[in-house]
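Descriptive analysis of the structure
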Amino acid sequence: MSHTILLVDDDPSLLKLLQLRLNASGYKVLTADSGEAALQQLNERIDLVLTDLRMEGMDGMELFQAVERRFPQLPVVIMTAHGSIPEAVHATQQGVFGFLTKPIDRDQLLDTLRNALADGRETSQHWRDEIIGRSPLMEQLLEQTYKVAPSDVSVLITGPSGSGKELLARAIHRASPRVDKPFIAINCGALPEQLLESELFGHSKGAFTGAVNRHEGLFQAADGGTLFLDEIGDMPQSLQVKLLRALQERQIRPVGSTQSIPVNVRLLSATHCNLEQAMRQNEFREDLFYRLNVVNLALPALHERPEDIPLLARHFLSRAAARHNPKVKNIASAGLNQLARSSWPGNIRQLENIIEQLTALSSSSVISEGAVVQALASQESVIPNFNDARADFERRYLSKVLQITEGNVTQAARIAGRNRTDFYKLLNKHQLEAAQFKE
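What comes next concerns the included structure.

Analysis parameters
Residues numbered from 1 in each chain as written. Predicted model: local features only at pLDDT ≥ 70, side-chain atom pairs only at ≥ 80, totals over all residues. Heavy atoms only, no water. Helix = DSSP H or I, 4+ residues; strand = E, 2+ residues; numbered from the N terminus. Buried < 20%, exposed > 50% of the residue type's maximum accessible area, 1.4 Å probe, protein only. Contact = heavy atoms within 4.5 Å. Areas by Shrake-Rupley, 256 points an atom, 1.4 Å probe, with all protein chains shown as cover. Lys, Arg positive; Asp, Glu negative; His and termini not counted. Charge placed at Lys NZ, Arg CZ, Asp CG, Glu CD. Disulfide = S-S within 2.5 Å. Patch = residues over 30% accessible without salt bridge, like charges linked within 9 Å, V, L, I, M, F, W, Y side chains within 5 Å. Salt bridge = Lys/Arg side-chain N within 4 Å of Asp/Glu carboxyl O. Pairing = 2+ DSSP bridges. Axes fitted to C-alpha atoms, helices over the stretch in contact; angles between N-to-C directions. Right-handed = clockwise from strand over helix to strand, strands pointing away. Core = buried A, V, L, I, M, F, W, Y, C linked by side-chain atoms within 4.5 Å. Expected span 1.5 Å × (residues − 1). Arc of directions from axis to C-beta. Polar contact = N/O pair within 3.5 Å; in protein donor to acceptor, adjacent residues only side chain to side chain. Phe/Tyr/Trp six-rings, centres within 6.5 Å; stacked < 30°, edge-to-face > 60°.

1. Comments concerning the overall build of the protein
Within the protein, the regular secondary structure consists of 19 helices and 14 strands. Projected onto its principal axes, the C-alpha coordinates of the protein cover approximately 80 × 65 × 50 Å. For the protein, with 439 residues in total, the buried portion stands at 46%. Restricting to contacts in the protein with at least 6 residues of sequence separation, those with at least 24 account for 70%. Accessible surface computed for the protein: about 21500 Å², of which carbon and sulfur atoms make up 49%. Put simply, the protein has 47 plus and 52 minus side-chain charges, and the middle of one group is 6 Å from the middle of the other.

This is the structure:
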């Protein structure tokens, strides 16, 4: 894979000469004639910045400082005139990878670039391969993701169901120094409390009925790597206490054991619930929330990034065609427009299901607009997966009983056969407010 270099110089002739030289050596080159213009092109796909030191407006050192704030792992090489060598030496002390004196020697240039790219500061751009999208919202989010990935801070990923929270967690892991260690994910809402505790922390032999062998938990399995806790808002409070202790002490104690085990794990978590509301209702520990939410990355709903829908649709079509119907090659442009105008309450997961359905049933190489319209209209009859179906039923049921009781939670909980605390948990899970049903 060829590397991409951002070349910055306010001398047009030198800019052109260096661009040709770098292209001839196999590099992809983006050019900018000022520091300000360079910042407009700066993104996670650039592998190295090669800039002149003395420029009108923002000089090379100021550009380096701006690059370091946004992409601290991105190597910067500065070009200087002979009289500027003391400044360049100072620049390297500040973190600039190196400097080249003009006139630029070809061999020295290529050697410096090779060394900078092999210095260990380069991060493979494959980290974001699973994230499909070029919308400003997603580019801004991925820029934040890239900046936070190298550190070990805990990240809370929020966003609606089906928006790709686990994919973003995997991207953080791949862009981090832990990339060669395990990435392990678990859904905290999918297991009963005792089983979830055992899965996270492990258990000793005989810790409970059926524990016939010692079991290593996911904290130990992820040691040195990343542990992703999906739907953290569904974690029982007794386990929240144990998780907080593990994060504070950097060690865990398996169920039934008296021995603590040190662990080195970067924790990522995700939820579609409003945890701040859950804290106010004493359903989620405030101290754990602040421990998990050092950095918050908020994934947008699919309808907020409609320009990404055609890209996602073609991506899903390519995968579905390979599995089900290889003759299908494309979607009619009018069909893509229909997809882009839809509201997508199920987000990316729902889009993928529709594209898979359209591909499997298509009798031609191009999926027509009519087929897309029909598929969108028949979404009610499409069989969702079990978790989505259960969540949809719960939300509609809760809305119905709140409508009947005009927002009276006590009466609604009685109809549902739940106590008030459990009923509030369900409302929080589905982001429903009783007040919106009051007359």
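2. Topic: the state of the cysteines
Taken as a whole and assessed by the stated rule, the structure comprises zero disulfides. Here Cys188 stays unpaired: no disulfide links it, and the sulfur of Cys273, its closest cysteine neighbor, is 11 Å away. When its relative accessible area of 2% is taken as the criterion, Cys188 is described as buried. Overall, Cys273 belongs to the buried group, its relative accessible area being 7%.

3. Brief notes about a nonpolar patch on the surface
Among the surface-exposed residues, Phe393, Tyr397, Ile404 and Ile415 lie close enough to one another that they form a single nonpolar patch of about 400 Å² accessible area. Sorting elements by how many residues they give to the nonpolar patch places helix H17 (residues 386–404) first, with three residues. Residue placement: Ile415 occurs in helix H18 (residues 409–416). Given the relative accessible area of 46%, Ile415 is considered partly exposed.

4. A look at the sheet that holds strand S11 (residues 266–271)
In spatial order, the strands read S7-S8-S11-S6-S12; together these five strands make up an open sheet with parallel pairing. Only two strands of the sheet have a single neighbouring strand rather than two, namely strand S7 (183–187) and strand S12 (295–298). In this sheet, neighbouring strand axes are inclined to one another by 20 degrees on average, regardless of whether the strands run parallel or antiparallel.

5. Observations regarding the pairing of strand S2 (residues 28–32)
Note that strand S1 (residues 4–8) and S2 share five bridges and pair parallel. Its bridge partner being in S2, Thr4 is matched across the sheet by Lys28. As for the winding sense of the linkage, the β-α-β connection from S1 through helix H1 (residues 12–24) to S2 is right-handed.

6. Observations concerning the pattern of salt bridges
Within this structure, the stated rule accounts for 16 salt bridges. Two residues, Lys102 and Asp52, come together in a salt bridge whose shortest N-O distance is 3.0 Å. Taken together, the residues Lys102 in the loop between strand S5 (98–101) and helix H5 (106–117) and Asp52 in strand S3 (residues 48–52) connect sequence positions 50 residues apart. For Lys102, a relative accessible area of 22% puts it in the partly exposed group. Close ionic contact of Glu394 with Lys429 constitutes a salt bridge, the shortest N to O distance being 3.3 Å. Of this pair, Glu394 sits in helix H17 while Lys429 sits in helix H19 (residues 420–429); the two residues are 35 residues apart in sequence, bridging distant segments of the chain.

7. A closer look at the nonpolar core
Ranked by internal contacts, the top residues of the largest apolar core, which has 42 residues, are Val8, Leu42, Val49, Leu63 and Ile157. Here Ile157 is in contact with Lys165, Leu168, Ala169, Ile172, Ser269, Ala270, Thr271, Leu297 and Leu299, once residues within four sequence places are set aside. In this structure, Ile184, Leu200, Met235 and Val265 belong to the second largest nonpolar core, which totals 30 residues.

8. A closer look at helix H13 (residues 309–324)
Its 16 residues give H13 an end-to-end C-alpha distance of 21 Å, which sits within 8% of 22 Å, the value for a rise of 1.5 Å per residue. Every buried residue of H13 is listed here: Ile309, Leu312, Ala313, Phe316, Leu317, Ala320 and Ala321. Considered in projection along H13, the buried side chains sweep an arc of 160 degrees and stay on one side of the axis. Of the surrounding secondary structure, the elements contacted by the buried residues of H13 are strand S13 (330–331), helix H14 (333–341), helix H15 (347–361) and strand S14 (366–367).

9. Thoughts on unusual backbone geometry
The residue Asn282 is not glycine, and still its phi comes out positive at about 60 degrees. Although it is not a glycine, Trp344 adopts a positive phi angle of roughly 50 degrees.

10. Concerning the pairing of S3
Counting buried residues along S3, five of its five residues qualify, which places the element largely inside the surrounding structure. As defined by bridge partners, S1 adjoins S3 across four bridges and the pair is classed as parallel. Bridge pairing in S3 links Leu6 to Val49. For the crossover from S3 across helix H3 (residues 60–70) to strand S4 (residues 76–80), the handedness is right-handed.

11. Let's talk about the side chain of Asn325
Counting through the fold element by element, Asn325 comes out in the loop between H13 and S13. Judged by relative accessible area, Asn325 falls into the buried class, the value being 10%. At 2.9 Å, the side chain of Asn325 forms a polar contact with the backbone oxygen of Ser362. If we ignore the near neighbours within four places in the chain, the residues touching Asn325 are Ala320, Thr359, Ala360 and Ser362.

12. Focus on the packing of aromatic side chains
One pass over the structure, following the stated rule, counts six aromatic pairs. Look at Phe289 and Tyr290: their rings are 5.2 Å apart centre to centre, the planes differ by 75 degrees, and that puts the pair in the edge-to-face class. Owing to a relative accessible area of 4%, Phe289 belongs among the buried residues under this scheme.

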